Amino acid sequence: MFKIKRILPALLLFACLADIYAQQEISLYSGPVPNSKDHSGIKGVEFNREKDELVFNVSDPTLTVFLPEKDKANGTAVIICPGGGYHVLVIGREGREVAREFNKRGVAAFVLKYRLPDDRIMPDKSIGPLQDAQRAIQIVRQRSAEWNIDPSRIGIMGFSAGGHLASTAGTHFDKAYIDNPKGTNLRPDFMILVYPVVSMSDSITHMGSREYLLGKTPEQSKIRLFSNEQMVSGNTPPTFIVLAGDDTVVKPENSLYLWNALRNNGVRTELHVYQKGEHGFLKEPPFSEWFGRVCFWLSSAGLIK
């Protein structure tokens, strides 16, 4: 009995440390943040609002590590980009909660707190989020052995404007926007896009996201560069897209045009359009419904059991 009393606290401490490690938040950059101005006067702000954690003014990007139990881990990983129109991050409902659900299915998940485009903190705000997404892919791939991950099974997921970032990472990987001395592969192996912003084109873009990313009067070359449906090639990663047909915030054409471009380029893709759900899936479809389709798609691709 005496030995049990001594062992139990140690076991509890070990469990707590394991949980802390599984949700460790790490800085994206060990040195100076690239493409960054002095932002000492700009403080990041986080709010808890029921289930959502809203994060503003991100100038020091991080990656939060969510690892599944070792006996469940299957080697697949996904980097999650929360949405928020490029001016806030819905990091609870569109980040941490999703990461925990992936863990239940043996998938390692990484929630990316990426820099929000802001002329006050970066010389070129149009590439700031993409740099952070590429850096996240670089870190996960380089540390894959440590985290029990197959480096050829690292995907990216994005919600709303985070979907634009994810699809940018999946269509702009040929150019490294960060230092990459080891030549690490920056291409995600798959994409999961949830009610995503995809295009910067006048007719279908989410104007708020475009203005935060590119400014109020962007050059046509920048509009085209970040209209990701126009950047698709045969090497674009396999893609799962889900949205609601009654979305009045981000036009469904964003997803439809991307799906068509993927199909025309021979990229394996799957599209689900719910009749109702609006933007954010706040009331319907249930999480278990649309996330179940994500998992079925991953299973059919051999990425999870």
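Below, the structure is looked at part by part. Because the structure is a prediction, the values reported are computed rather than measured.

**Describing the nonpolar core**
At step 1: Ranked by size, the top nonpolar core spans 82 residues in total, and within it Phe102, Phe110, Leu112, Met157, Ile192 and Trp290 carry the most contacts.
At step 2: The residues contacting methionine 157, other than those within four sequence positions of it, are Val78, Ile79, Ile80, Cys81, Val98, Phe102, Ala166, Ile192, Val194 and Trp290.

**Structural notes on the state of the cysteines**
At step 1: Enumeration according to the criterion identifies 0 disulfides in this entry.
At step 2: Unpaired in terms of disulfides, cysteine 81 finds its nearest cysteine sulfur in cysteine 295, a separation of 18 Å.
At step 3: In this structure cysteine 81 comes out as buried when scored by relative accessible area, which is 0%.

**Side note on the pairing of strand S8 (residues 154-159)**
At step 1: Counted residue by residue, S8 has 6 buried out of 6 residues, so it is predominantly covered.
At step 2: Neither face of S8 is open: one carries Ile154, Ile156 and Gly158, the other Gly155, Met157 and Phe159, and all of them are buried.
At step 3: In the sheet, strand S5 (residues 77-81) pairs with S8 via 5 bridges, with the strands oriented parallel. Along S8, the bridge assignment pairs valine 78 with glycine 155.
At step 4: Two strands pair when backbone bridges link them, and S8 and strand S9 (residues 191-194) are joined in this way by 4 bridges, in the parallel orientation. Along S9, the bridge assignment pairs methionine 157 with isoleucine 192.

**Here's the deal with the packing of helix H3 (residues 128-142) against helix H4 (residues 161-169)**
For any two helices packed against each other, the geometry comes down to the angle between their axes and how far apart the axes lie.
At step 1: For the pair H3 and H4, interaxial distance at closest approach is 9 Å and the crossing angle is 65 degrees. The handedness of the crossing between H3 and H4 is right-handed. Contact residues: H3 offers Pro129, Leu130, Ala133 and Ile137, while H4 offers Leu165, Thr168 and Ala169.
At step 2: A per-class count over the contact of H3 with H4 returns 6 nonpolar, 1 polar and no charged.

**A few points about a nonpolar patch on the surface**
At step 1: A surface patch of nonpolar side chains, about 260 Å² in accessible area, is lined by Leu256, Tyr257 and Val273.
At step 2: By secondary structure assignment, the location of leucine 256 is in helix H7 (residues 253-264).

**What about the pairing of S9?**
At step 1: With burial as the criterion, each face of S9 is covered, one bearing Met191 and Leu193 and the other bearing Ile192 and Val194.
At step 2: Handedness of the crossover is the feature at issue here: the chain leaves S8, passes through H4, returns alongside S9, and the resulting connection is right-handed.
At step 3: The pairing of S9 with strand S10 (residues 239-244) spans 4 bridges and is classified as parallel. By the bridge assignment, isoleucine 192 is partnered in S10 with phenylalanine 240.

What counts and what doesn't
Residues numbered from 1 in each chain as written. Predicted model: local features only at pLDDT ≥ 70, side-chain atom pairs only at ≥ 80, totals over all residues. Heavy atoms only, no water. Core = buried A, V, L, I, M, F, W, Y, C linked by side-chain atoms within 4.5 Å. Buried < 20%, exposed > 50% of the residue type's maximum accessible area, 1.4 Å probe, protein only. Contact = heavy atoms within 4.5 Å. Disulfide = S-S within 2.5 Å. Helix = DSSP H or I, 4+ residues; strand = E, 2+ residues; numbered from the N terminus. Pairing = 2+ DSSP bridges. Axes fitted to C-alpha atoms, helices over the stretch in contact; angles between N-to-C directions. Left-handed = near helix turned anticlockwise from the far one by under 90°. Nonpolar A, V, L, I, M, F, W, Y, C, P; charged D, E, K, R; others polar. Patch = residues over 30% accessible without salt bridge, like charges linked within 9 Å, V, L, I, M, F, W, Y side chains within 5 Å. Areas by Shrake-Rupley, 256 points an atom, 1.4 Å probe, with all protein chains shown as cover. Salt bridge = Lys/Arg side-chain N within 4 Å of Asp/Glu carboxyl O. Right-handed = clockwise from strand over helix to strand, strands pointing away.

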